[in-house]
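Here is how the chains run, residue by residue.
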Amino acid sequence: MGLDVQYVGNDAYVAATVLSLGAKENYKHYVWKTQTDAPYIPQYFAFKEGPVLKAFIERYISQQTILPDIFVVDGQGTAHPRKAGLACWLGVALQKTVIGCAKESLLPYESPSEEAMSYKAIRLEESIVGYMLRSQSNTKPICISAGHLINQEQALAIIQQLIGKYRNPDVMRLADQTARTFAKGILNASEKVIFL
DNA sequence: GCGACAG
DNA sequence: ATCTTGTCGC
């Protein structure tokens, strides 16, 4: 399950895209609107988006019978100055497997080679805290790191499998797109869209 | 003190 | 994240 939130003032429009690795074209979107007054503070993004995603997932779990194996969020996991990004916060709060997939890194990194799927480790205090992944050639790399109940290599491998024709993995791109149209009030109802 | 800083 | 047009490329 890929998750994203769009904010319009204190309104939070949450969207989740659910798909299987074996059949990525059979996705479904789940959307829900809620409120938050938490501010965005760099390095403390988890305290803004974490509670929103936690409430969304608890709601999802209470209504659905089949639950996702892995959650992917738009933010950092351990690739964070204190190794404690949004993906860690959410994973610990729910005791679920979460991966962080961000478009920018908070930590310095060396650029992966230009070829698609090449990657470079992000290190902090001697240890690997994530990977910069060149999801497409000639495109800025994305930042992948483990959040909870998964290791860095597995997190990287899962995201690599979710990459399609675009820079961001399909679950993230679709969730982002859905949250956007939902927030703008132009989300088309269909059998693929479920309002929670 | 000033700037930089996931979204 | 958001403010914003056309434009280049697959």
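Check the entry above for the structure.
Residues numbered from 1 in each chain as written. Chains lettered and ligands numbered in written order. Predicted model: local features only at pLDDT ≥ 70, side-chain atom pairs only at ≥ 80, totals over all residues. Heavy atoms only, no water.

## Some thoughts on the overall build of chain A
Secondary structure assignment for chain A yields 4 helices and 9 strands. A globule of 196 residues ought to have a C-alpha radius of gyration of about 16 Å, and chain A, at 16 Å, matches this closely. If one aligns the C-alpha atoms of chain A with their principal axes, the spans along those axes are about 45 × 35 × 30 Å. The buried share of chain A, taken over its 196 residues, is 49%. Expressed as a percentage of contacts within chain A between residues at least 6 apart in sequence, the contacts between residues at least 24 apart total 61%. Of the roughly 9600 Å² of accessible surface on chain A, a fraction of 50% belongs to carbon and sulfur atoms. (Helix = DSSP H or I, 4+ residues; strand = E, 2+ residues; numbered from the N terminus. Rg over C-alpha atoms; globule rule 2.2 N^0.38 Å. Buried < 20%, exposed > 50% of the residue type's maximum accessible area, 1.4 Å probe, protein only. Contact = heavy atoms within 4.5 Å. Areas by Shrake-Rupley, 256 points an atom, 1.4 Å probe, with all protein chains shown as cover.)

## Here's the deal with helix 4 (residues 170-183)
Taking 1.5 Å of rise per residue, 14 residues should cover 20 Å, and helix 4 covers 20 Å from first to last C-alpha, within 8% of that figure. Just downstream of helix 4 lies glycine 185, where phi reads positive at about 75°. (Expected span 1.5 Å × (residues − 1).)

## A word on the pairing of strand 7 (residues 127-133)
With respect to burial, strand 7 is a largely interior element, 5 of its 7 residues being buried. Pairing of strand 6 (residues 119-124) with strand 7 involves 6 bridges; the strand directions are antiparallel. Opposite leucine 124, over in strand 7, you have serine 127 as the bridge partner. Hairpin connection from strand 6 to strand 7: 2 residues lie between these consecutive antiparallel strands, with glutamate 125 at a positive phi of about 50°. The pairing of strand 7 with strand 8 (residues 142-148) spans 3 bridges and is classified as antiparallel. Bridging from a neighbouring strand, leucine 133 pairs with isoleucine 142 of strand 8. (Pairing = 2+ DSSP bridges.)

## What to know about the protein's contact with DNA strand B
As a structural note, the neighbourhood of DNA strand B is formed by 16 residues, with Tyr40, Gln43, Gln76, Leu86 and Lys103 the closest of them. When the atoms of DNA strand B within 4 Å of the protein are sorted by group, sugar and phosphate make up 40%. Glutamine 43 places a main-chain nitrogen or oxygen 3.0 Å from a base nitrogen of DNA strand B. One of the backbone N or O atoms of leucine 86 is found 3.1 Å from a base nitrogen in DNA strand B. Grouping the amino acids of the surface near DNA strand B by side-chain chemistry returns 8 nonpolar, 5 polar and 3 charged. (Near = heavy atom within 4 Å. Polar contact = N/O pair within 3.5 Å; in protein donor to acceptor, adjacent residues only side chain to side chain. Nonpolar A, V, L, I, M, F, W, Y, C, P; charged D, E, K, R; others polar.)

## Re the protein's contact with DNA strand C
In the vicinity of DNA strand C, the contacting residues are Gln6, Lys103 and Arg180. Take glutamine 6: an N or O atom from its side chain is 2.8 Å from a phosphate oxygen of DNA strand C. Note that a phosphate oxygen of DNA strand C is positioned 3.2 Å from one of the side-chain N or O atoms of arginine 180.

## Here we look at the pattern of salt bridges
Inspection of the entire model under this criterion finds 8 salt bridges. One salt bridge in this structure joins lysine 54 and glutamate 58, with 3.0 Å as the shortest N-O distance. You can see lysine 54 and its partner glutamate 58 sitting in helix 1 (residues 46-63), 4 residues apart, about one turn around the helix. Between arginine 173 and aspartate 170 there is a salt bridge, with its nearest N and O atoms 3.4 Å apart. A residue pair is termed a helical-turn pair when its members lie 3 or 4 positions apart in one helix, as arginine 173 and aspartate 170 do in helix 4 at 3 residues. Arginine 173 gets classed as partly exposed once you look at its relative accessible area, which sits at 23%. (Salt bridge = Lys/Arg side-chain N within 4 Å of Asp/Glu carboxyl O.)

## Details of the packing of helix 1 against helix 2 (residues 86-94)
Between helix 1 and helix 2, the shortest axis-to-axis distance is 9 Å and the interhelical angle comes to 40°. Between helix 1 and helix 2, the crossing angle belongs to the class labelled oblique. In the packing of helix 1 onto helix 2, the handedness of the crossing is right-handed. Residues Ala46, Phe47, Glu49, Gly50, Pro51, Leu53, Lys54, Ile57 and Glu58 of helix 1 form the contact with helix 2, whose participating residues are Leu86, Trp89, Leu90, Ala93 and Leu94. Partitioning the contact of helix 1 with helix 2 into residue classes produces 10 nonpolar, 1 polar and 3 charged. (Axes fitted to C-alpha atoms, helices over the stretch in contact; angles between N-to-C directions. Parallel < 35°, antiparallel > 145°, perpendicular 65-115°, else oblique. Left-handed = near helix turned anticlockwise from the far one by under 90°.)

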